[in-house]
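Residue-level structure breakdown
So you can see what is in the structure, the chains are spelled out below.
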Amino acid sequence: MSTTPPPQALTTDAHPSTTERPADDGALGWFRALGPRGRSAFAGAFGGYALDSYDYFTLPLSMVALAAYFGLDSGQTGLFTTVTLVVSAVGGALAGVFADRVGRVKALMITVITYAVFTVACGFAPNYETLLVFRALQGLGFGGEWAVGAILVAEYASSKHRGRTLGAIQSSWAVGWALAAIMYTLVFSFLDDDLAWRVMFWTGALPALLVVWMRRRVQDAPEAVAVREQSSQKGSFTAIFKPGLLRTTIFAGLLSTGVQGGYYTLATWVPTYLKSERGLSVVGTGGYLTFLISGAFLGYLTGGYLTDRLGRRRNIWLFALLSAVCILAYANIPSGANTLLLVLGFPLGFCMSAIFSGFGSYLSELYPTAVRGTGQGFTYNTGRAVGAIFPTTVGFLADSWGVGGALVFGAIGYGIAALALLGLPETRGKELT
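Below, the discussion takes up the side chain of Ser-357. For Ser-357, the location among the structural elements is in the loop between helix 13 (338-354) and helix 14 (359-366). A polar atom in the side chain of Ser-357 sits 2.5 Å from the backbone oxygen of Tyr-300. Beyond its immediate chain neighbours, meaning those up to four positions away, Ser-357 contacts Gly-163, Leu-166, Gly-167, Gln-170, Gly-299, Tyr-300, Leu-301, Gly-303 and Gly-304.

So this is what it looks like as structure tokens:
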């Protein structure tokens, strides 16, 4: 008989590093409730995910210039996104196991360094094939960062505020997206396209500065470390496919596939749609993306609040429906109605981002501490890999349907997400064990 003591519930009512928990009421009560260590962890995860987003969007924003430089068709450009997301599944799954075995912070720093190095390398690519390989390798780090960072913060957050805390982490994706759009507008306005796309990738070195700070300031949640060290069950892929977790893993993977299939369809092809089919200039595209990204930022924050108020499943169901409706509306705006295109960009960004806000808390709550990294890393990034079929399909359909018409395919993903929830429990208010 094993003498290993069972894992204890993880609460955030007492941290060895603090004497008394701060008040958790008010608009920023969720942030104060994290405590000093938790706030440092929040800053590290927020910065890591923002820069992850920045490095990701260097490609979609440069897609038109890349296609012209290398003479690519829509299918070949769509393949960039596919290989990034497929390889990210491998990177995310491995990072999850690594986080369970050696700690969240160490795994987080490795993922940030990986995506930064290979984003910069993309800027030196001499041909399409080399760029495809570098972009795939960038996916190794890109895939692992969110899952590890979300778990790190979830293990500091109280069950009362976990949804809005992780929603705030998700909002950093919009921050990174905005920074990339600003840099795109500046770089492509002042440099020739043949050089501008390389400069965009070279700016991907910025995350290296974050790693230096994280090494000094960020630590794993003490309770999570204690549970992980006491448990005889370390992170492994076989553990999340055992009878007790098999159903959760299958349906969480389907949920992630549907949401990310819809999201990456839009994230990949909207810039190309605006420039090639709506005839917008670089500055014009940046202006329209401002509305889309502003909606995304507020969507993350609102979705985080609603996932605590309505529950994880209801929040995802609500925004799966609204996201599908927004895609259909956005893709069918009549030619010349660019003002309407501008206005609809805000709700589109809002809805497709609000659905993500519950993911960090929901996936963390579906798995026990010993395999939380493995479970969240695997399901989230398997969804990325399978969901990558969507933007690739749009790329091949774009030649015959047009990009706008093919975007409708992304609505199917949100239908898959809604159905997947039928196989998953509600976890609002659950303590992490």
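With that out of the way, let us pick up the pattern of salt bridges. A full pass over the atoms with the stated rule returns seven salt bridges. Asp-308 is the partner of Arg-312 in a salt bridge, and the nearest nitrogen-oxygen pair spans 3.0 Å. Here the two residues Arg-312 and Asp-308 agree in accessibility, since each one is buried. A single salt-bridge network, built from bridges that share partners, covers Arg-162, Arg-164, Asp-308, Arg-312 and Glu-365.

This next bit is on the packing of helix 2 (residues 35-70) against helix 3 (residues 74-102). In the contact formed by helix 2 and helix 3, the axes pass within 10 Å of each other and the chain directions differ by 160 degrees. In terms of orientation, helix 2 and helix 3 fall into the roughly antiparallel class. Our pair here, helix 2 against helix 3, has a crossing hand that is right-handed. Contacts between helix 2 and helix 3 involve Tyr-56, Leu-59, Met-63 and Ala-67 from the former and Thr-77, Phe-80, Thr-81, Thr-84 and Leu-85 from the latter. Here the residues of the contact of helix 2 with helix 3 are counted per class, giving six nonpolar, three polar and no charged.

Of all hydrophobic cores here, the largest spans 113 residues; its most connected members are Trp-173, Leu-255, Tyr-263, Phe-359 and Tyr-414. Per-element tally for this core: the top contributor is helix 2, with 15 residues. Ignoring any residue separated from it by four or fewer positions in sequence, one finds Tyr-263 in contact with Phe-57, Trp-173, Trp-177, Tyr-300, Met-352, Phe-356 and Tyr-414.

Relative to each other, helix 12 (residues 312-331) and helix 14 sit at 135 degrees, their axes nearing to 10 Å. What the angle tells us is that helix 12 and helix 14 run oblique. Where helix 12 crosses over helix 14, the two elements pack in a sense that is left-handed. When helix 12 is examined against helix 14, the residues Arg-312, Arg-313 and Ile-316 are found in contact with a partner set consisting of Phe-359, Ser-361, Tyr-362 and Glu-365. By residue class, the composition of the contact of helix 12 with helix 14 is three nonpolar, one polar and three charged.

On to the packing of aromatic side chains, then. Considering all chains together, one arrives at 26 aromatic pairs under this definition. Their ring planes at 80 degrees and their centres at 5.5 Å tell us that Phe-31 and Phe-42 sit as a pair that is edge-to-face. With Phe-31 in helix 1 (residues 29-32) and Phe-42 in helix 2, this pair connects stretches of sequence that are eleven residues apart. Judged by its relative accessible area of 27%, Phe-31 falls in the partly exposed class. Classification of Phe-42 by relative accessible area gives buried; the value is 9%. Both rings, one in Phe-80 and one in Tyr-128, keep their centres 5.3 Å apart while their planes meet at 70 degrees; by these two values the pair is edge-to-face. Linking Phe-80 in helix 3 with Tyr-128 in helix 5 (residues 128-154), this pair joins segments that are 48 residues apart in sequence. In this structure Phe-80 comes out as buried when scored by relative accessible area, which is 0%. Judged by relative accessible area, Tyr-128 falls into the buried class, the value being 11%.

Structurally, Asp-52 is set in helix 2. For Asp-52, the residues in contact, after removing those within four places along its chain, are Tyr-115, Phe-142, Glu-145, Trp-146 and Trp-173.

Together, Phe-124, Leu-179, Ile-182, Leu-186, Phe-190, Leu-191, Leu-195 and Trp-202 give the surface a local cluster of nonpolar side chains, amounting to about 800 Å² of exposed area. Considering each element in turn, the nonpolar patch owes the most residues, four residues, to helix 6 (residues 162-190). In this fold, Phe-124 is placed in the loop between helix 4 (104-122) and helix 5. Look at Phe-124 and you get exposed, because its relative accessible area is 55%.

This part takes up the environment of Leu-61. As for its placement among the helices and strands, Leu-61 is situated in helix 2. Counting along the chain gives 124 residues from Leu-61 to Thr-185, while the straight-line C-alpha distance between them is 9.4 Å.

So, about the environment of Thr-379. Structurally, Thr-379 is set in helix 15 (residues 372-387). In sequence terms Thr-379 and Ile-240 are 139 residues apart; their C-alpha atoms lie 9.8 Å from each other. Thr-379 has contacts with Thr-249, Ala-252, Gly-253, Ser-256, Leu-363 and Tyr-367, leaving out every residue within four places of it along the chain.

Cut-offs applied
- Residues numbered from 1 in each chain as written.
- Predicted model: local features only at pLDDT ≥ 70, side-chain atom pairs only at ≥ 80, totals over all residues.
- Heavy atoms only, no water.
- Helix = DSSP H or I, 4+ residues; strand = E, 2+ residues; numbered from the N terminus.
- Polar contact = N/O pair within 3.5 Å; in protein donor to acceptor, adjacent residues only side chain to side chain.
- Contact = heavy atoms within 4.5 Å.
- Salt bridge = Lys/Arg side-chain N within 4 Å of Asp/Glu carboxyl O.
- Buried < 20%, exposed > 50% of the residue type's maximum accessible area, 1.4 Å probe, protein only.
- Axes fitted to C-alpha atoms, helices over the stretch in contact; angles between N-to-C directions.
- Parallel < 35°, antiparallel > 145°, perpendicular 65-115°, else oblique.
- Left-handed = near helix turned anticlockwise from the far one by under 90°.
- Nonpolar A, V, L, I, M, F, W, Y, C, P; charged D, E, K, R; others polar.
- Core = buried A, V, L, I, M, F, W, Y, C linked by side-chain atoms within 4.5 Å.
- Phe/Tyr/Trp six-rings, centres within 6.5 Å; stacked < 30°, edge-to-face > 60°.
- Patch = residues over 30% accessible without salt bridge, like charges linked within 9 Å, V, L, I, M, F, W, Y side chains within 5 Å.
- Areas by Shrake-Rupley, 256 points an atom, 1.4 Å probe, with all protein chains shown as cover.

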